[in-house]
2 protein chains.
Amino acid sequence: MSQGNSDGTGGRASEACGAVDGSFAPGQATACTVREVLDRVGGKWSIGILVAASQGPVRFTELERRVEGISRRMLTLTLRNLERDGLLNRKVHPTVPPKVEYTATPIALELHESLVALTHWAERHRSAIAAARTAYDRAHGGDLPPVPQG
Amino acid sequence: MSQGNSDGTGGRASEACGAVDGSFAPGQATACTVREVLDRVGGKWSIGILVAASQGPVRFTELERRVEGISRRMLTLTLRNLERDGLLNRKVHPTVPPKVEYTATPIALELHESLVALTHWAERHRSAIAAARTAYDRAHGGDLPPVPQG
DNA sequence: CCGTATCCGTACAGATACTG
DNA sequence: CAGTATCTGTACGGATACGG
């Protein structure tokens with residue numbers, strides 16, 4: 001079962017982008033390109049692993065602690081995906097207790113740089129968005145309270 | 001059923017980010033912030049709608065054509081979410097045939113700016129990633145051909 | 001220590017039909 | 001024109017147990 005992808009992260013990535021023809025606005029192409037990135041790094045744990053690995057080589061168990069909340073399975077799966085896409089490098093040390101180190105590739109480092117733009121955006125508008133959500137929920141779901149923390 | 005979210009896009013956004021305490025690397029906080037953005041805009045159609053609306057007011061049916069491939073349901077759902085987060089503005093014209101126009105908010109416009117960083121990253125490394133995938137599949141799944149179009 | 005396999009719940013997404 | 005509701009498939013993600 002080297003390839004039978006019936007479960008887990010990964011498999012297809014952005015085939016849908018192939019449906020883009022030139023018949024509509026050029027901005028759509030931009031949207032598609034961004035989608036490619038999100039399909040690759042949009043996973044729940046990808047970013048966490050990437051930032052951890054960007055600070056130097058990390059071992060499997062160390063990642064398990066650093067990411068905190070991730071399961072064995074998800075860690076392996078995301079690791080495999082990232083490695084497959086050339087974002088992570090996997091170095092196996094054939095020692096008696098197995099030792100594997102993951103390192104971010106230059107490409108991943110560049111991605112991390114690009115990510116800070118998004119981070120800044122989120123930082124700036126975090127509260128505004130939260131307010132918008134509350135306002136929307138109050139206006140539209142007036143008969144039904146959101147997140148009743150009792 | 002104003003709020004019973006059993007299906008479709010949206011609902012929770014980034015509650016998992018609350019689990020972040022200061023006990024591990026500061027980079028993890030960055031990862032979390034990026035996750036917030038992805039949870040909001042990481043949907044399959046969000047970006048497409050956002051870029052379309054960023055070029056001026058668009059109507060429902062126009063979006064259906066522009067995004068191309070999106071279903072009625074997904075369009076409505078994503079629209080609602082984006083509006084809820086304050087990324088889109090919904091203007092209803094009480095005319096005899098209903099007319100609704102969606103406009104990107106300033107916040108969304110800023111996001112679009114941040115998105116170009118990601119776009120450039122994808123453009124630069126698109127081929128490298130594709131090559132990495134092929135190489136990986138060839139090395140690990142040598143006994144099982146990937147995407148056999150035969 | 002470093003994974004892999006199986007089971008299972010849920011969130012996301014498409015198709016279709018109906019309404020105001 | 002602009003939605004909403006229901007059904008259904010699938011992909012993602014968690015828990016757990018087991019193997020090298």
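In the annotation of an unreviewed UniProt entry, chain A is listed under the name Helix-turn-helix domain-containing protein and assigned to Micromonospora reichwaldensis.

## As for the relation of the copies chain B and chain A
With an RMSD of 0.1 Å, the operation that places chain B on chain A is a rotation of 180° combined with a shift of 0.0 Å along the axis. Viewed as a symmetry operation, the transformation between the two copies matches a two-fold axis. Residue G42(B) of chain B places its C-alpha closer to the rotation axis than any other residue of that unit, at 3.2 Å. Both copies present the same face, since 98% of the interface residues in chain B are matched by interface residues at the equivalent positions in chain A.

## Describing the nonpolar core
Note that soluble globular proteins tend to have their nonpolar side chains buried in a common cluster. Within the largest apolar cluster, 66 residues are counted, with the highest numbers of intra-cluster contacts made by I49(A), L88(A), I49(B) and L88(B). With residues up to four places along the chain from it excluded, the contact list for I49(A) reads L63(A), V67(A), I70(A), L75(A), T78(A), L79(A), L82(A) and L88(A).

## Considerations on the sheet that holds strand β2 (residues 88–93) of chain A
Residues and elements named next belong to chain A. Across the sheet, 3 strands lie side by side as β1-β3-β2; this open sheet has antiparallel pairing. Edge strands, defined here as strands with exactly one partner in the open sheet, are β1 (58–59) and β2. One ladder, built from 6 bridges, connects β2 with strand β3 (residues 99–104); its direction is antiparallel. The partner of R90 across the bridge, within β3, is Y102. Its contacts with the sheet place helix α4 (residues 72–84) against β2 and β3, and it is angled at close to 110° to β2.

## Remarks on the packing of helix α2 (residues 46–53) of chain A against α4(A)
All names here are of chain A. One can describe the packing of α2 onto α4 by two numbers: an axis separation of 10 Å at closest approach and a directional angle of 70°. As summarised for this structure, α2 and α4 are arranged roughly perpendicular, according to the angle between their axes. Helix-helix and strand crossings are classified by hand; for α2 and α4 the assignment is right-handed. Contact residues: α2 offers S46, I49 and L50, while α4 offers L75, T78, L79 and L82.

## Topic: helix α3 (residues 60–67) of chain B
Regarding α3(B), the residues found buried are L63(B), R66(B) and V67(B). Summarising the axial view, the buried residues of α3(B) lie within an arc of 85°, below the 170-degree limit, and thus occupy one face. Of the surrounding elements, those touching the buried residues of α3(B) are α1 (27–41) of chain A together with α2 (46–53), β1 (58–59), α4 (72–84) and β3 (99–104) of chain B. In the segment just after α3(B), E68(B) is the residue with positive phi, at about 55°.

Calculation rules
- Residues numbered from 1 in each chain as written.
- Chains lettered and ligands numbered in written order.
- Predicted model: local features only at pLDDT ≥ 70, side-chain atom pairs only at ≥ 80, totals over all residues.
- Heavy atoms only, no water.
- Least-squares fit on C-alpha atoms with pLDDT ≥ 70 in both.
- Contact = heavy atoms within 4.5 Å.
- Core = buried A, V, L, I, M, F, W, Y, C linked by side-chain atoms within 4.5 Å.
- Buried < 20%, exposed > 50% of the residue type's maximum accessible area, 1.4 Å probe, protein only.
- Pairing = 2+ DSSP bridges.
- Helix = DSSP H or I, 4+ residues; strand = E, 2+ residues; numbered from the N terminus.
- Axes fitted to C-alpha atoms, helices over the stretch in contact; angles between N-to-C directions.
- Parallel < 35°, antiparallel > 145°, perpendicular 65-115°, else oblique.
- Left-handed = near helix turned anticlockwise from the far one by under 90°.
- Arc of directions from axis to C-beta.

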